[in-house]
Amino acid sequence: MASAVTVRDYTDADWAQVWPIIEQVVRAGDTFPFPVDLSEDDARAIWLENGPVGRASVAVDGDRVLGTAKMGRNRPGPGAHVSTASYMVASDARGLGVGRLLVVDSIEWARESGYAAMQFNAVVATNKSAVRLYESLGFTVIGTVPRAHELPSGERVGLSIMHLDL
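Residues numbered from 1 in each chain as written. Predicted model: local features only at pLDDT ≥ 70, side-chain atom pairs only at ≥ 80, totals over all residues. Heavy atoms only, no water.

## Some points on the packing of helix 3 (residues 98-112) against helix 4 (residues 128-136)
Closest axis-to-axis distance for the helix 3/helix 4 pair is 11 Å, and the angle between their directions is 45°. Compared by their axis directions, helix 3 and helix 4 come out oblique. Our pair here, helix 3 against helix 4, has a crossing hand that is right-handed. Of helix 4, the residues touching helix 3 (which contributes Gly 99, Arg 100 and Val 103) are Leu 133, Tyr 134 and Ser 136. (Axes fitted to C-alpha atoms, helices over the stretch in contact; angles between N-to-C directions. Helix = DSSP H or I, 4+ residues; strand = E, 2+ residues; numbered from the N terminus. Parallel < 35°, antiparallel > 145°, perpendicular 65-115°, else oblique. Left-handed = near helix turned anticlockwise from the far one by under 90°. Contact = heavy atoms within 4.5 Å.)

## Here we look at the sheet that holds strand 3 (residues 64-73)
Within a sheet, neighbouring strands are paired by backbone hydrogen bonds and run either parallel or antiparallel to one another. Taking strand neighbours across the sheet as the criterion, the seven strands line up as 1-2-3-4-5-7-6 in an open arrangement whose pairing is mixed. Two strands in the sheet have a free side with no partner beyond their single neighbour: strand 1 (5-9) and strand 6 (140-150). Averaged over neighbouring strand pairs, the angle between their axes works out to 25° when direction is ignored. As judged from the seven bridges shared by strand 6 and strand 7 (residues 156-165), these two strands associate in the antiparallel manner. (Pairing = 2+ DSSP bridges.)

## Points about the packing of aromatic side chains
Scanning all chains against the criterion turns up nine aromatic pairs. Aromatic pair Phe 32 and Trp 47: ring centres 6.3 Å apart, planes at 55°, arrangement tilted. Of the two residues, Phe 32 sits in the loop between helix 1 (15-28) and helix 2 (40-48) while Trp 47 sits in helix 2, which places them 15 residues apart along the sequence. Arranged with centres 4.5 Å apart and planes meeting at 20°, the rings of Phe 120 and Phe 139 form a pair that is stacked. Note that Phe 120 is positioned in strand 5 (residues 117-124) and Phe 139 in the loop between helix 4 and strand 6, a separation of 19 residues in sequence. Look at Phe 120 and you get buried, because its relative accessible area is 3%. Following the ring pairs from residue to residue traces out a cluster consisting of Tyr 87, Phe 120, Tyr 134 and Phe 139. (Phe/Tyr/Trp six-rings, centres within 6.5 Å; stacked < 30°, edge-to-face > 60°. Buried < 20%, exposed > 50% of the residue type's maximum accessible area, 1.4 Å probe, protein only.)

## Some details on the pairing of strand 5
Burial analysis of strand 5 places six of its eight residues in the buried class, the great majority of the element. Where the polypeptide runs from strand 4 (residues 82-89) across helix 3 and back to strand 5, its parallel neighbour, the crossover connection is right-handed. By the bridge criterion, six bridges tie strand 5 to strand 7 in an arrangement that is antiparallel. Paired with Gln 119 across the bridge in strand 7 is His 163. (Right-handed = clockwise from strand over helix to strand, strands pointing away.)

## Comments concerning the environment of Val 141
The residue Val 141 is located in strand 6 in this model. Overall, Val 141 belongs to the partly exposed group, its relative accessible area being 35%. Sequence separation between Val 141 and Ala 69 is 72 residues, and the spatial gap between their C-alpha atoms is 20 Å. For Val 141, the residues in contact, after removing those within four places along its chain, are Glu 135, Ser 160, Ile 161 and Met 162.

## Concerning the pairing of strand 4
Burial analysis of strand 4 places eight of its eight residues in the buried class, the great majority of the element. Both faces of strand 4 are covered, namely the face carrying Val 82, Thr 84, Ser 86 and Met 88 and the face carrying Ser 83, Ala 85, Tyr 87 and Val 89. Of the pairings in the sheet, the one linking strand 3 to strand 4 comprises seven bridges and is antiparallel in character. Along strand 4, the bridge assignment pairs Arg 73 with Ser 83. In this structure, strand 4 lies alongside strand 5, joined through two bridges in parallel fashion. Across the sheet, the residue bridging to Val 82 is Ala 117, located in strand 5.

Below you can see the structure in the form of C-alpha cells.
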C-alpha cells in the first residue's frame, strides 16, 4: 500500500467514486448482505444515513477513493453504547491494507465517541479475509446464524456476529 493512503470524513463530492465501489461489492453478492439489485439512490440512503451520531469515511490516495466505511450506533435506546461499522474496498485496492486502515479508523472513532464496544451484525462467514482482519484487531465471533446468506451459486452460508470490547 502506498504510504499516501489516508482516511478522512466522507464529503458529498466523494459519492461519484464511492457508488462504484458499493455497486461492485453488492452486485457480486458474496461478501455483503445487501440486495444485489440495490439502486444507487437506495445505496446512498443506506450508506450515508448513520443517525445523528454516525459517520461515513473514505480511504483515499490523493483524489482517488480506494474504500469507504460507515459507522454509528448498533441499536438505539438501551443498546446505544455499542457501535457498528461496515466497510467496502475497491477490488483493485484489496489486499493492500486499505480495509485495515478503515477498520482501525472506525475503532478509534468509536472509542473517541464513547462507545463501549463495536459489533458487526452480519459478516458473511465465507468472507475469510474480512474475518481474519477483524480477528487480528481483537474481534471475536460470538455467534453465527447458519445458512443466513445466499451466495450467487445458491449455496447458503452463515452470517457471523463479531464483537470487540472497547
